[in-house]
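Remarks on the overall topology
This is what each chain is made of:
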Amino acid sequence: MRNIELINKQWLFKKGEGTVPSIIPTDWEAVDLPYTWNGKDGQDGGNDYYRGKGCFVKELVKSDFPEGEEHYIQLDGVNSSAEVYFNGKKIASHDGGYSTFRARLEDVGDSNILAVIADNSPNDYVYPQVADFTFYGGIYRDVKIIGVAKSHFDLDYYGAPGIMVTPKINGKDADVEVQAYADGTVEFTVADGESIIASATAEGKNPTANIKIENVHLWDGVKDPFLYKLTARLIVDGEAVDEISTRFGCRSFKVDPQKGFILNGREYPLRGVSRHQDRPDIGNALLPEHHREDIELICEMGANTIRLAHYQHSQVFYDLCDEKGLVIWAEIPYISKHMPDGRENTKTQMTELVCQNYNHPCIVTWGLSNEITMNGDSDPTLIENHKMLNDLVHSLDKTRPTTMAALTMCSPDKELVHISDILSYNHYFGWYGGKVDMYGPWFDDFHKKYPDKAIGISEYGCEALNWHSSNPEQGDYTEEYQAYYHEELIKQIADRPYLWATHVWNMFDFAADARAEGGESGMNHKGLVTFDRKYKKDSFYAYQAWLSDKPMVHLCGKRYVDRVEDVTKVTVYSNQEQVELFANGESLGVQKKGKYPFFYYQVPNKGETKITVKAGDLTDESVIKKVDKVNEDYIMKDEGTVINWFEIDTPVGYFSVNDTIGDILSTFKGKIFALKMLKMIKGVLGGNDKDKPKEKKKKGAPLSVAGFTINRTLIEMAKGFTVKRALSMAGNMFTKEQILEINSMLNKIKKPNK
């Protein structure tokens, strides 16, 4: 029978080593797995983390091998490429850092050397290469040795488990097709808890059987995620020589362009988050307790779906999603930059994703790509790659639709976005340009134009650190703006049931070593929860109030104590029917819940005020203090910024670089200013190109930049930027003096009377 031994302990490691030692080295670093060499430098900013090779070595004696006539090594995650050597012989190579692969171990001796060269070097054929997250190098998931009989379930096919379960609901029953990947006679049993409720026997090459489960207990989302267990035994000469098992769930689902997601015949709006898996100091090298903590936080928030971005996640996490009833979007890291030489790698990674995860009832869709049009959407090899992947998925899995996450700049009219069965868009209106109220109208326009195409939101969000303001603005990285942003998104999503799924970007802050934003380099701070999982931002509770059935009340702004205004706004989130707010024991009134679970109070700010909110038996408290000057600890300090907030003149009634491009363009003098700005930008870019040959533009052809068609959405997004933010996103193109000059120009333009 099959025996499995975990071999995570007592490895030796050397960073930068790309050759396998012939003897066990004595001067290498001792490490236990999982391990990444980028736990520190991949999170500190600068985009200078080590990307290269590292060699892991382990001595194995005969007693380390589990009982079996044959042995396989299984590696659950080596990023990004791997070469595996056993006693000096190369036995496997693998491109793709997020999936399981195996290799057979031959000629096992009394003492053996197992070596793995991991390599996260940049290249043009293994995905991902360009993305907004750190590509941690190392062996960051488990390594196992599997001992099996000579006759055994297949261990050589794309890291797959060896059995495939396909349930189909038929009235009150379920017809379950089971297929084993082996040669011979296979006995199948289905267990409901401890009891075997059905069985079947099949024989031949990769035998298939059909099993009926009467009065089936459905896998029914977060309310009742019931799981059955299938066990397969390979029989040789009347005896079982190998045994494997998998859990599965029986459910039906479909995605309706008008009604959204439907689970087991009822409308079941998918509202949740995306997840990156990394943690401080350990990167992706997670232990099971880390996965459990993540799933508990996501469930506490009330989500019923997760987009597992942007790669295959740990089997531990998929199992937890099965158990908790969370509906999953699973995808490969075909992201940001299409690489013509990476076509085969997308094919391999997709095959591994589907084959290794087919039995998980939580997964309802396979993602083809994410923001792949970052450099344009017209490359014919990009279109062909997506069509190939779409056909591949349908050949591997006839039960689930394909999807993709399209980038804002990719027009809904493009061929690319209509290749997958269903679709979602990544939009950041209200953060990277545009205004927060653009979401609803944009999706209404899409839905009206393409009523037969299911549409959702695959990413939306904005960043927040421990910065605070009573007048939050787009781009200020305050917790208050993030809370406002998500309040507005919740309102727009709640009113649009046709959105098949919506996923906040992101559940947790995560490392992106190339970033230098918000006053802390190396991080993306769009999480509803901090990177260390210790602090839930106010926006977390906005979703909890909206999505969770568990009674809750939350008082926002606990980290925002010092306030200058005489009367300050205090926000409460609660899913209870009414709340009452008290300031130093004095009631400021009872408010009843309206359409959305958000309550707003104006609170007198004198001296020190203890604020208490009551909702039924629930209470929450905070403290505010009246101060004369803004606490500068609440204002973002970005060491890389060209100009600070206090250097900008903002005369009352006149524009400044803190105003949006859209507001400025709404006035006649603002349009004149825009023309002057264009000339200035041309000068900054060294744009004296009168001697350069001009390209002929076809009459009526759309204007395009960097491969993207300039459309209404892009123009509206640009209007949402403040001038300062637009200039800052241009890097160091503009000096402080030039920004002050622009501000001076704007200070002469009156704002329209409101």
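Residues numbered from 1 in each chain as written. Predicted model: local features only at pLDDT ≥ 70, side-chain atom pairs only at ≥ 80, totals over all residues. Heavy atoms only, no water.

Quick look at the pairing of strand S29 (residues 363-370) now. With eight of its eight residues buried, S29 lies for the most part within the structure. Direction of pairing for strand S28 (residues 327-331) relative to S29: parallel, over a ladder of four bridges. Across the sheet, the residue bridging to Glu331 is Gly367, located in S29. A crossover connection joins S28 to the parallel S29 through helix H3 (residues 343-357); in handedness this β-α-β unit is right-handed. Here three bridges tie S29 to strand S30 (residues 402-407), and the two strands are oriented parallel to one another. By the bridge assignment, Trp366 is partnered in S30 with Thr402. Read from S29 through helix H4 (residues 380-396) to S30, the crossover connection turns out right-handed. (Buried < 20%, exposed > 50% of the residue type's maximum accessible area, 1.4 Å probe, protein only. Helix = DSSP H or I, 4+ residues; strand = E, 2+ residues; numbered from the N terminus. Pairing = 2+ DSSP bridges. Right-handed = clockwise from strand over helix to strand, strands pointing away.)

On the surface, a nonpolar cluster with roughly 440 Å² of combined accessible area is contributed by Phe668, Ile672, Leu675 and Leu678. Along the polypeptide, Ile672 turns up in helix H9 (residues 668-684). By relative accessible area, which is 34% here, Ile672 ends up partly exposed. (Patch = residues over 30% accessible without salt bridge, like charges linked within 9 Å, V, L, I, M, F, W, Y side chains within 5 Å. Areas by Shrake-Rupley, 256 points an atom, 1.4 Å probe, with all protein chains shown as cover. Salt bridge = Lys/Arg side-chain N within 4 Å of Asp/Glu carboxyl O.)

Okay, the confidence of the model for the protein chain next. Scored by pLDDT, the protein chain comes out at a mean of 93, with 94% of its residues at no less than 70. Overall, residues 687-695 carries pLDDT values under 50, and its contacts beyond four positions in sequence, including any with other chains, amount to three contacts. Counting interchain partners and residues more than four positions distant, the pLDDT-below-50 stretch residues 703-708 has 18 contacts. (pLDDT = per-residue confidence, 0-100. Contact = heavy atoms within 4.5 Å.)

Moving on: the state of the cysteines. Here is the idea: a disulfide is a covalent bond, and it sits between the sulfur atoms of two cysteines. Here the structure, examined in full by the defined rule, presents zero disulfides. The thiol sulfur of Cys250 is not disulfide-bonded, and the nearest other cysteine sulfur, from Cys362, lies at 14 Å. With relative accessibility at 0%, the residue Cys250 sits in the buried group. (Disulfide = S-S within 2.5 Å.)

For the rest of this paragraph, the subject is the sheet that holds strand S15 (residues 173-180). Taken in spatial order, the three strands make up an open sheet running S14-S15-S18, and their pairing is antiparallel. With partners counted over all chains shown, the strands left at the sheet margins are strand S14 (163-170) and strand S18 (208-213), one partner each. The mean angle between the axes of side-by-side strands here comes to 20°, regardless of whether they run parallel or antiparallel. (Axes fitted to C-alpha atoms, helices over the stretch in contact; angles between N-to-C directions.)

Applying the stated criterion across every chain, the model contains 36 aromatic pairs. A ring pair is formed by Phe253 and Phe261, whose centres lie 5.7 Å apart and whose planes are at 20°; its orientation type is stacked. Neither Phe253 nor Phe261 differs from the other in exposure class; each is buried. Taken together, a centroid distance of 5.3 Å and an interplanar angle of 70° make the contact between Tyr573 and Phe598 edge-to-face. Of this pair, Tyr573 sits in strand S38 (residues 567-574) while Phe598 sits in strand S41 (residues 598-604), placing them 25 residues apart in sequence. According to the relative accessible area criterion, Phe598 is buried, its value standing at 8%. A cation over a ring is seen here: Lys526 above Tyr428, with NZ or CZ 5.4 Å from the ring centre. Sitting over the face of the ring of Phe508, Arg533 holds its NZ or CZ atom 4.0 Å from the ring centroid. (Phe/Tyr/Trp six-rings, centres within 6.5 Å; stacked < 30°, edge-to-face > 60°. Lys NZ or Arg CZ within 6 Å of the ring centre and 35° of its normal.)

Next up on the list: unusual backbone geometry. Along the chain, Asn79 connects to Ser80 via a cis peptide bond; the corresponding omega equals 0°. With an omega of 0°, the peptide bond running from Tyr127 to Pro128 counts as cis. Among the structural elements, Pro128 can be located in the loop between strand S11 (111-119) and strand S12 (138-139). If you check the backbone angles, Asp107 has positive phi at about 55° while not being a glycine. Structurally, the position occupied by Asp107 is in the loop between strand S10 (101-105) and S11. One non-glycine residue, Asn215, adopts positive backbone phi at about 50°.

This brings us to the pattern of salt bridges. One pass over the full model with this rule turns up 44 salt bridges. Here Glu459 and Arg307 are joined by a salt bridge, their closest N and O atoms 3.1 Å apart. Taken together, the positions of Glu459 in strand S32 (residues 455-459) and Arg307 in strand S27 (residues 305-308) put the pair 152 residues apart, joining distant regions of the chain. In this structure Glu459 comes out as buried when scored by relative accessible area, which is 3%. Look at Arg307 and you get buried, because its relative accessible area is 0%. Taking the shortest distance from any N to any O, the salt bridge between Asp663 and Lys435 comes out at 3.8 Å. Taken as a pair, Asp663 in helix H8 (residues 661-665) and Lys435 in the loop between strand S31 (423-426) and helix H5 (439-449) lie far apart in primary sequence, 228 residues in all. Here the residues in one salt-bridge network are Asp132, Glu463, Arg515, Glu517 and Lys526, joined through shared partners.

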